[in-house]
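What follows is each chain in one-letter form.
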Amino acid sequence: MMEWYGALGLLLGSIMVLMATGMPVALAFLAANILGAWVFMGGGAGLTQLLNNGFGALTSFALVPIPLFLLMGELFFFTGLGTRMFTAIDRLLGRVPGRLSYVTVIGGTGFSTLSGSSMGSTALLGSLMVPEMNARGYKKHMSIGPILGTGGLAIIIPPSALAVLLATLARIDVGALLIAGVVPGLILAGLYLLTIWVQVRIDPEAAPAYEVPAMSLGEKLGLVLRDVVPMLSIMVLTVAGMIGGIFTPSEAAAFGALGVLILAGIYGGISVESLRNSIVGALKVTLMAYLIVFGSATFSQLMAFSGASSGLVDWATGFALSPVTMLLVMFGVLLVLGMFMEQISIMLLTVPIFFPLATDLGFDPVWFGLVMLLALEISFTTPPFGLLLFVMKGVAPPDTTMRDIYTAAFPFIGCSLLLVVLLILVPELALWLPGR
Amino acid sequence: QDTLTAVHAFPESLIYTQSFLEFVDKVNERGEGVIEINVRGGPEAIGMFQQPDAVRNGVVDMVYTPGSFYAGSLPEKDALVASNLTAIETRENGGIELIDQIHQEKMGVKYLGWFDSGVCYNLWTRNEPELDEGGNLDVSGLKLRGNAVYNAFFTEYLGAQVIDLPTTDVYSALERGVVDATGWTQIGLIDLKWNEFLNYRIEPCFFSTDLGVIVNLDTWEGLSEEAQTILQEVAIEHEQSSVEALRTKRDEDFAALEEQGMEVVTLEGEAAADYLAAAREKTWERMQGLMEEQPGGTENYDRLIELFYDPAADPQ
Amino acid sequence: MHTLRRAYDGFVTLMAIVAGAMLVWLMVSIVISVTMRNAGVQPWAWLFTSSEYALLYMTMLGAPWLVREKGHVHIELVTAALPPATQAVVSRAVAAACVLVSVILAWKGAELVATNIARSDYDVRAYFTPKWILTIAFPISFTLMAVEFARFVFGPELMHSGEAGLHE
Ligand code: NA
Ligand code: NA
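Computed from a predicted structure; not experimentally measured. (Residues numbered from 1 in each chain as written. Chains lettered and ligands numbered in written order. Predicted model: local features only at pLDDT ≥ 70, side-chain atom pairs only at ≥ 80, totals over all residues. Heavy atoms only, no water.)

Kindly report on the overall build of chain B, identifying the contributing residues and their values.
Regarding its fold elements, chain B presents twelve helices and 13 strands. Whereas a compact globule of 316 residues would reach a radius of gyration of roughly 20 Å, chain B reaches 19 Å, a difference of no more than 12%. Viewed in the frame of its principal axes, chain B has a C-alpha envelope of about 65 × 40 × 30 Å. Of all intrachain contacts in chain B linking residues separated by at least 6 positions in sequence, the fraction that spans at least 24 positions is 78%. Element-wise, carbon and sulfur atoms account for 44% of the exposed surface of chain B, whose accessible area totals about 12200 Å². Across chain B, the mean location of the 21 positive side-chain charges is 3 Å away from that of the 58 negative side-chain charges. (Helix = DSSP H or I, 4+ residues; strand = E, 2+ residues; numbered from the N terminus. Rg over C-alpha atoms; globule rule 2.2 N^0.38 Å. Contact = heavy atoms within 4.5 Å. Areas by Shrake-Rupley, 256 points an atom, 1.4 Å probe, with all protein chains shown as cover. Lys, Arg positive; Asp, Glu negative; His and termini not counted. Charge placed at Lys NZ, Arg CZ, Asp CG, Glu CD.)

Following this line, the structure appears as C-alpha cells:
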C-alpha cells in the first residue's frame, strides 16, 4: 500500500505533466485515471471501473442545466437580443461622464446574468464596446477593465454553468449555490461602478464626455419596457422560480432557454443560422466540459480510494492553523492554479481535497463553493494566463498590447478580492437568500 | 494474515454505515493475525451505484450495500424488500443460504450477511394525509418522491404522481416544496434532517431494508479456512445483534420525533391489509417479471417467497 | 480512398448532428414534463430517463467531432517556448499519446459491452434498460476519437497552434 503522498504525487503529478505538454485536458485526466486505476484499483478491473464511473457521472440529471444555460446564453448572443439590450442601456444613460464604461458594467451584468459563459460575454462586449469607446477617445483601461470584470461576473450571477458543475462535483445543492451568487454578484457589480466613478474622478480625460441626442422621459420609459425589461425578466423569473420552489435548476434552465427563444421570435431574431450557431456553440462547450467530467468521477474516487485526500486533509489540519488562514491558503492555491489552468480542471483537481477540508473546518459548503467560484472568477483575469485576457486580446483592436490588458484588469481584480473579504466577514451575504 | 478491502454505499454518518463499521471492528478484533478488513471509504471512494460492479470485478473485496443497487443483476433481492421477517428467522430457515447461492451463481459474489434487517419503511408526509370513505390512503394531492425501489408500489397501487429523486436531493426538494411526501425507513429521518419538513408518519410500515455484505467470490475462496469461519461467524452474530440494536434505535427515533410533534396516522382493518398486500405483491410481480428474462428463470421464485414471507408474522 | 474519407467525415459530422439534437431534446423533454405536471398529469417517466441517457449519448457521439474541431481545451505553455521543428515533434507525440488513451478505452469499452451482454446487465431507473445499449457508445466513440487524434499524428495539420495560452 502506497503512502498517501506517494499516491497524491502520482495522481497530481501525472496530470500536471501531461497538461504541461499540451495534451487536451480531458485526455490528460483520462490518462492519469488509467494509470491510477491500474495501480490502485487492481489492473484491468480498475479500467472497467473507470468506464462504469464515467457512465454514472454522465447519466446524472444534475448535469442537465449546463448545456441549457449555455444554450440560453448563445441564443441571447446570436439572435441579437444582447445587442438590443445593450444599445438601450447606452441610450438611457445619456450624458454621464464615463458613460460607456458604466454601460459596459450595467449592460454586462445584465448580459452575464443571461449568459452562462464568461467567455461568450467577454467576446461580445469586447467586440462591441472597445472599438466604440476607442473612437470616443476613451483610454484603453476604461474600456477593457470593465469588460474583463463583468465577463467574470457571469460565473457568479445565475444562470451559471460553472456553478452547476461545481455543485455537482462537490455534491452540494445546485439550486442553493446558484441562488447564493445573486447578492454577492450584485455587490460586485456595484463595486465595479464605484471603481469607474473613482477612475473618472481621478482622470476625467480617460473618458471624455460628448454630446448625445436627448430623450424625453416617455421615450426612455418606452425603451426600458421594450428592450430591457423583457430580457431581464427571463433571468428574474428563472431565479425567482428556483427560490420559490416552482422550478428545479434543470427546469429553470430549460424554461430560460425557451424564454429566450420565444423572445427572439417576437423580436425577429430567429433564423436557421442563428439557431444553428447557438446549438453548435452550446454543444462545443458542453462536450468539452462533459468529457472532462467523464474522467472526473474516477479522479476524485482515486484520490479517496488511494487514501490521498484523507492523508492530505489530515496532514493539512495537523498544523492547527485557524480556519481563515486555511481558507486563504486554499484561495491562494486556486489563484496560482488559475494562472495556467482553465476553470473546470482546477475544480476537478481541488474539489476532492478542498471540500472535505472545508467540512472539517466547519465552513458551510455553499458559502465555500461561492468563495471558490470567486477565486475562479479572479483567476479568469489573472495575468499572465487568465483565459479572459486572451479572449480580450482576440477581440480588441490590433494595437492593444497584453500589457494594456493586464493593467486594465488590476482594479477589477481588487474589487473581487474585496468581495471575498466581505464574504468572510459577513457570510450571510451569500447564505441569506438560499436560506441556509 | 488475509486482508480485505471494503467500501460502503452510504456516507459514514448514516446509522447503517455505523452498523457496518461496528461489524468491521468485531472482525478485526476477533480475527487479529488471521483476517483484517481495511475500509477505504463510502460513495466518495467508489460511486454508490458502481460498488456492486466493483466487487464483482475485484476492484474492491467487500461491499456493504442495499441489494436494490444491483437489482438489474439480481432481481431476487426483492424477496428481501418484500419480506416481513428478519435475518434471524431467515438465517434459521435457510433463506439467506438460498440468497447466498443465487449471489454466487448470478454475480460471482459471496453473500455474507443481511444486516440491519427488521427495519421497515413508512410513508412520511408534510400535510395531514387524507383517507377515503373506505379508510384507504388518498394520494391524489401528494407530491410524492419516489425511486426505483418504491415505484412499483407507489405508482401502480397507490396511483401516485411520483417525482424520482436520489436521497441526496430530497432535503432541498422538501425545503422548496418540490415534493411533500416520501417513503423512508423507520430510522434515519432525523440524521437526514427531513423531520424539519415532515409532520406525519403513516402506519403500517411496509417493505424491509435489504442491506447486505457481499464479497468477491475469488477473494472469498482464496481466504484461509480460519478466516472464512471468523468472517461468517461474526456476520451471523451481527445479523442478530443489529436487529436488536436498530429496534432500540427506532424506538428512540420515534419518541424523539413524537416529542417534536410528529403525528401518526394509522390505516385500519381492510385498508391496512390491502396496503400491505399491494406493497408486497407489486414487488413480487416485478421480481417475477425480471427473473423470467434471466437465465435460470423463475425456478427459485416460490421458494424465495416461502422463506422470506410468513403470513403469520403480519399484523393481525 | 477519397470517397471513403468523405463518407467517414460525413459519419462523424452526422454523429455531431445527433448530439446537437440530443441537446435540444433536453430542453424539450423538460418543458413537456413540467407542463404535464402542472396540468395535473403524471409526466411519462421515459421523459426523465431519456434526458439522462441523452447526456451520455450526446457526449460520446459529439466527442470525435470535437477532436476534429480542436475543441478539447488544452494549454500551450511549455510547448510554445520550443523551436518550431521541436514543437511539431512534441505536438505529434502528444497526439499519439491521445491515440493510445483512446485505444485503451475503446478496447476496455468493447470488453465492457461484451460483459454487459454476457451478464445481461440492466441499468435500473424508471425502466430496466439493457446496459449494453448504453455502454456501446464507449467503444464507438473512443475508436473514432483515436482515428481523429491519429490524423494529427500523421496528417498535414498539427493539434497545437504554437501560441502560448489556453486553447479551446
Ligand atoms: Na451567469
Ligand atoms: Na486562468
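Hey, could you go over the overall build of chain A for me, with residue numbers and the actual values?
When you go through chain A residue by residue, the secondary structure sums to 21 helices and zero strands. Over its C-alpha trace chain A gives a radius of gyration of 22 Å, about what one expects of a compact globule, namely 22 Å for 436 residues. Taken along the three principal axes of its C-alpha coordinates, chain A extends 75 × 45 × 45 Å. By residue count, 62% of the 436 residues in chain A fall in the buried class. In chain A, the share of contacts with a sequence separation of at least 24, taken over all contacts with a separation of at least 6, comes to 80%. A total accessible area of about 14400 Å² is found for chain A, and carbon and sulfur atoms account for 70% of it. (Buried < 20%, exposed > 50% of the residue type's maximum accessible area, 1.4 Å probe, protein only.)

Account for the interface of chain A and chain C, with residues named and values stated.
Many structure descriptions define interface size as the accessible area lost when the parts assemble. In this complex, chain A contributes 54 residues to the contact, which on the side of chain C involves 60 residues. Taken together, the two surfaces of chain A and chain C that pack against each other cover about 5000 Å², and 82% of this comes from carbon and sulfur. Our count for the chain A to chain C interface comes out at one salt bridge. Note that Lys284 of chain A is salt-bridged to Glu69 of chain C, the shortest N-O span being 3.4 Å. Summed over the shared surface of chain A and chain C, the result is three residue pairs in polar contact (both at pLDDT 80 or more). Listed by contribution, the elements that provide at least two residues to the side of chain A that touches chain C are helix H1 (4–20), helix H2 (25–40), helix H3 (44–58), helix H4 (65–78), helix H13 (249–266), helix H14 (272–305) and helix H19 (387–395) of chain A. Taken together, the residues of the side of chain A that touches chain C sort by class into 42 nonpolar, nine polar and three charged. (Buried area = accessible area lost by both parts, 1.4 Å probe. Salt bridge = Lys/Arg side-chain N within 4 Å of Asp/Glu carboxyl O. Polar contact = N/O pair within 3.5 Å; in protein donor to acceptor, adjacent residues only side chain to side chain. Nonpolar A, V, L, I, M, F, W, Y, C, P; charged D, E, K, R; others polar.)

Give me the state of the cysteines: which residues, what numbers.
All names here are of chain B. Inspection of the entire model under this criterion finds one disulfide over all chains. Across the disulfide from Cys120 sits Cys205; the S-S distance is 2.0 Å. On the sign convention where negative is left-handed, the bridge of Cys120 and Cys205, at about -70° about the S-S bond, is left-handed. Taken together, the positions of Cys120 in the loop between strand E4 (109–114) and strand E5 (121–125) and Cys205 in strand E11 (residues 200–206) put the pair 85 residues apart, joining distant regions of the chain. According to the relative accessible area criterion, Cys120 is buried, its value standing at 11%. (Disulfide = S-S within 2.5 Å.)

Got a sec to walk through the pairing of strand E2 (residues 35–41) of chain B? Specific residues and values, please.
Two faces make up the sheet, and in a regular strand the side chains alternate between them. All names here are of chain B. Bridge count between strand E1 (residues 2–8) and E2: six bridges; the pairing is parallel. What sits directly across from Leu4, in E2, is Ile37. In this fold, E1 hands off to helix H1 (residues 15–30), which returns the chain to E2; that crossover is right-handed. (Pairing = 2+ DSSP bridges. Right-handed = clockwise from strand over helix to strand, strands pointing away.)

Explain the packing of aromatic side chains to me, using residue names and the numbers behind them.
Summed over the entire model, instances satisfying the criterion amount to 33 aromatic pairs over all chains. With centroids separated by 5.1 Å and ring planes inclined at 80°, the aromatic side chains of Trp315 of chain A and Phe319 of chain A adopt a geometry described as edge-to-face. Ring geometry for Trp25 of chain C versus Trp46 of chain C: centroids 6.4 Å apart, planes at 5°, classification stacked. Here the residue Trp25 of chain C occupies a position in helix H1 (residues 2–38), and Trp46 of chain C occupies one in helix H2 (residues 45–68), the gap between them amounting to 21 residues. A relative accessible area of 26% means that Trp25 of chain C is categorised as partly exposed. By the ring-pair criterion, three or more aromatic residues cluster together here, those being Tyr121, Tyr150, Phe153, Phe154, Tyr157, Phe206, Phe207 and Tyr275 of chain B. Sitting over the face of the ring of Phe305 of chain A, Arg40 of chain B holds its NZ or CZ atom 4.9 Å from the ring centroid. We note Lys108 of chain C situated over the ring of Trp107 of chain C; from NZ or CZ to the ring centre the distance is 5.2 Å. (Phe/Tyr/Trp six-rings, centres within 6.5 Å; stacked < 30°, edge-to-face > 60°. Lys NZ or Arg CZ within 6 Å of the ring centre and 35° of its normal.)

Tell me about the sheet that holds E11 of chain B, and please be specific about residues and values.
Residues and elements named next belong to chain B. With respect to topology, six strands assemble into an open sheet ordered E9-E8-E10-E5-E11-E13, the strand pairing being mixed. Two strands close off the open sheet at either side, each with one partner strand: strand E9 (161–164) and strand E13 (263–266). This sheet shows a mean twist of 35° between the axes of neighbouring strands, independent of strand direction. As defined by bridge partners, E5 adjoins E11 across four bridges and the pair is classed as antiparallel. If you follow Trp124 over to E11, its bridge partner there is Arg201. (Axes fitted to C-alpha atoms, helices over the stretch in contact; angles between N-to-C directions.)

How would you sum up the interface of chain B and chain C? Please name residues and give values.
The interface is formed by 16 residues belonging to chain B together with 13 residues belonging to chain C. Summing the contributions of chain B and of chain C, the shared interface buries around 1200 Å²; its carbon and sulfur component is 48%. Among the residues chain B hides against chain C, the three largest losses belong to Arg56, Gly72 and Gln161 of chain B. Together they make up 34% of the total. Seen at the junction of chain B and chain C, the total is three salt bridges. The salt bridge partner of Asp53 of chain B is Lys131 of chain C, with a shortest N-O separation of 3.8 Å. Inspection of the region where chain B meets chain C yields three residue pairs in polar contact (both at pLDDT 80 or more). With four residues, E9 of chain B is the largest single contributor of residues to the side of chain B that touches chain C. Looking at the side of chain B that touches chain C residue by residue, the class counts come to seven nonpolar, five polar and four charged.

Outline the sheet that holds E2 of chain B, supporting the account with residue identities and numerical values.
Residues and elements named next belong to chain B. The strand order across the open sheet built from five strands is E2-E1-E3-E12-E4, with neighbouring strands paired in mixed fashion. Looking at strand neighbours, the two that pair on one side only are E2 and E4, the edges of this open sheet. The sheet shows a mean angle of 30° between the axes of neighbouring strands, taken without regard to direction. Where E4 lies against strand E12 (residues 211–216), five bridges are found, and the strand directions are antiparallel.

Explain a nonpolar patch on the surface to me, using residue names and the numbers behind them.
A surface patch of nonpolar side chains, amounting to about 480 Å² of accessible area, comprises Trp315, Phe319, Leu321, Val329 and Val333 of chain A. When you line up the elements, Phe319 of chain A lands in the loop between helix H15 (308–317) and helix H16 (323–338). (Patch = residues over 30% accessible without salt bridge, like charges linked within 9 Å, V, L, I, M, F, W, Y side chains within 5 Å.)

So what about the nonpolar core? Which residues, and what values?
With 248 residues, the main nonpolar core has Phe368 of chain A together with Phe142 of chain C as its most contacted residues. Considering every element that reaches this core, the biggest residue donor is H14 of chain A, with 16 residues. Apart from the residues lying within four places of it in its own chain, the contact partners of Phe142 of chain C are Leu30, Leu51 and Phe294 of chain A together with Met60, Ser102, Leu105 and Ala106 of chain C. Grouped together as the second largest cluster of nonpolar side chains are 74 residues, Leu21, Val149, Val179 and Leu211 of chain B included. (Core = buried A, V, L, I, M, F, W, Y, C linked by side-chain atoms within 4.5 Å.)

Go over the packing of helix H5 (residues 81–93) of chain A against helix H12 (residues 217–243) of chain A, please, and point to the residues and values.
All names here are of chain A. Interaxial distance between H5 and H12 falls to 9 Å at its minimum, and their mutual angle equals 145°. By crossing handedness, the relation of H5 to H12 is classed as left-handed. Two secondary-structure elements touch here, H5 through Leu81, Arg84, Met85, Ala88, Ile89, Arg91 and Leu92 and H12 through Lys220, Leu223, Val224, Arg226, Asp227, Val228, Met231 and Leu232. In the contact of H5 with H12, the residues fall into ten nonpolar, no polar and five charged. (Left-handed = near helix turned anticlockwise from the far one by under 90°.)

Geometry only, nothing functional implied.
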